[in-house]
Amino acid sequence: RLYQARVAAFDSGEARHVAVTLHDATESRRLEQMRVDFVANASHELRTPLASLLGFIETLIGPARDDSAAREKFLGIMLHQARRMARLVDDLLSLSRIEQTLHVQPRAAVDLAAVVEQVRDALSPLAKDNRIELVVEARKILVRGDRDELLRVAENLIENAIKYSAPEPGQADRKVWISIESHDGVGILSVRDEGPGIAPENIPRLTERFYRVDVGQSRAKGGTGLGLALVKHILARHRGRLSIQSLPGEGATFSAHAPLFE
Ligand code: ADP
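Values in this document were obtained by computation on a predicted structure and should not be read as measured data.

A. Just the side chain of Asn202, in detail. In this structure, Asn202 sits in the loop between β7 (186-193) and α5 (215-220). At a separation of 2.8 Å, a polar atom in the side chain of Asn202 contacts the side chain of Tyr211. Apart from the residues lying within four places of it in its own chain, the contact partners of Asn202 are Tyr211 and Val213.

B. Spotlight on helix α3 (residues 112-129). Compared with an ideal rise of 1.5 Å per residue, which puts 18 residues at 26 Å, α3 spans 26 Å between its outermost C-alpha atoms and is within 8% of the ideal. Where α3 bends most, at Leu123, the angle is about 50°, and the proline Pro125 comes one to four residues later. By the burial criterion, the buried members of α3 are Leu112, Ala113, Val115, Val116, Val119, Leu123 and Ala127. Between the side-chain oxygen of the N-cap and the backbone nitrogen of Ala113 there are 3.0 Å, and the N-cap of α3 in question is Asp111.

C. Looking closely at helix α6 (residues 227-237). In terms of burial, α6 is largely enclosed, as nine of its 11 residues are buried. Among all positions of α6, only Gly227, Leu228, Ala229, Leu230, Val231, His233, Ile234, Leu235 and Arg237 are buried. Residues of α6 that are buried make contact with α2 (68-100), α4 (147-165), β8 (241-246) and β9 (252-259). Following α6 by one or two positions, Arg239 adopts a phi angle in the positive range, close to 60°.

D. View of a nonpolar patch on the surface. Together, Tyr3, Val7, Val18, Val20 and Leu22 make up an exposed nonpolar region whose accessible area comes to about 550 Å². At the level of elements, β1 (3-11) and β2 (16-24) are the ones that each hand at least two residues to the nonpolar patch. It is β2 that contributes the most residues to the nonpolar patch, three residues altogether. In this structure, Val18 sits in strand β2. Taking the relative accessible area as the measure of exposure, Val18 reaches 56% and is therefore exposed.

E. Molecular detail of the UniProt feature "domain: Histidine kinase" (unreviewed entry) in the protein chain. UniProt records the feature "domain: Histidine kinase" (unreviewed entry) for residues 41-262 in the present numbering. In the segment residues 41-262, helix accounts for 49% and strand for 21%; the C-alpha atoms at its two ends are 41 Å apart.

F. Representation of the packing of α4 against α6. Between α4 and α6, whose axes approach to 9 Å, the crossing angle comes to 145°. Classified by chirality, the crossing of α6 by α4 is left-handed. Residue-level contacts link Glu149, Leu150, Arg152, Val153, Asn156, Leu157 and Asn160 of α4 to Gly227, Leu228, Leu230, Val231, Ile234, Leu235 and Arg237 of α6. A per-class count over the contact of α4 with α6 returns eight nonpolar, three polar and three charged.

Conventions used here
Within each chain, residues carry numbers counting from 1 in the order of the written sequence. Local features are withheld for residues below a pLDDT of 70 in this predicted model, meaning they are given only at 70 or higher, and side-chain atom pairs are given and counted only at 80 or more; totals for whole chains, interfaces and linings count all residues. Processing note: side-chain calculations cover all non-hydrogen atoms of the structure and skip hydrogens and water entirely. Helix and strand assignments follow DSSP, with helices taken as H or I runs no shorter than four residues and strands as E runs no shorter than two, numbered in order from the N terminus. Polar contact is the term for a pair of N or O atoms within 3.5 Å; when the atoms are in protein, one must be able to donate a hydrogen and the other to accept it, and sequence-neighboring residues count only if both atoms are side-chain atoms. Two residues qualify as a contact provided that any one of their heavy atoms is within 4.5 Å of a heavy atom in the partner residue. In this analysis, the expected span of each helix is defined as 1.5 Å times one less than the number of residues it contains. Bend is computed residue by residue as the angle between axes fitted to the seven residues ending at the residue and the seven residues starting at it. The cut-offs for exposure are 20% and 50% of the maximum accessible area for each residue type, with area from a 1.4 Å probe on protein chains only; residues under the lower value are buried, those over the upper are exposed, and the others partly exposed. Candidate patch residues must exceed 30% relative accessible area and have no salt bridge, after which like charges are joined if within 9 Å and Val, Leu, Ile, Met, Phe, Trp or Tyr side chains if within 5 Å. Here the open area of atoms and residues is found with the Shrake-Rupley method and a 1.4 Å probe, where only the protein chains shown may cover a residue. Here, a salt bridge means any Lys or Arg side-chain nitrogen found within 4 Å of an Asp or Glu carboxyl oxygen. UniProt positions are given in the numbering used here, feature names are shortened, and annotations may be inferred rather than shown by experiment. Where helices are involved, their axes are fitted lines through C-alpha atoms of the stretch in contact, as for all axes, and angles between N-to-C directions lie from 0 to 180°. The hand of a helix crossing depends on one turn: near helix anticlockwise from the far one by less than a right angle means left-handed, and clockwise means right-handed. Charged means Asp, Glu, Lys or Arg here, nonpolar means Ala, Val, Leu, Ile, Met, Phe, Trp, Tyr, Cys or Pro, and polar covers whatever is left, Gly included.

Below you can see the structure in the form of structure tokens.
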């Protein structure tokens, strides 16, 4: 543990006193370290696609100037890298906005079924491309919240399920089950997949910013490593929480809990 000492001396007239206050600075040192790590990680994540973009621009104005086939190919890669940077900046901005308003609980009535329907429509092309069937069991359940933020939660969980449980070539198509239920004054949106699952030691780390079980796989699928950190913060703002259940080889279930609108 880390202690900071403060020393104060005073005279009472009869004697001279010295007071030493010990202050446990472990927690504030830990938070400061997290902030430093976060800035370093964010810079690193941005620098990688930026370096690639710079390299291609230099090639395009230099050696590949008159090579139209190379130009076509490089522009495609550059578009991909620029989109990755845009996604990262969007997620960073969302995270900082949510953190600034963390203590204010959103108050509108939001129908989780309508949220799920909207996300299902938006993500069905991605599901189809990944040979995933989205199975929805939803009935109207009103929670107290912010519709856009809850859309973000559903989108992240469903998109992850599609991306990380997609079958390999040669494997059978798979399903992702999305359900909504209420229990003890809480609305629960669950997303279950038939993917490879997550090792128990990795589960608590999934909501850390930039933590990914497999960085290469996350990048290849367009991930930023910030999705579940954002989900956790949004649900905390709703006085709710995220729960994760998984066994390696048996898929994963991510459940978002938020208080009902009563
Ligand atoms: P990313 O942008 O990498 O998807 P997230 O914060 O959304 O970032 O998720 C963090 C990591 O959690 C992912 O990189 C992946 O390793 C793991 N993960 C998330 N959802 C699933 C899932 N449904 N099945 C297996 N692993 C998952």
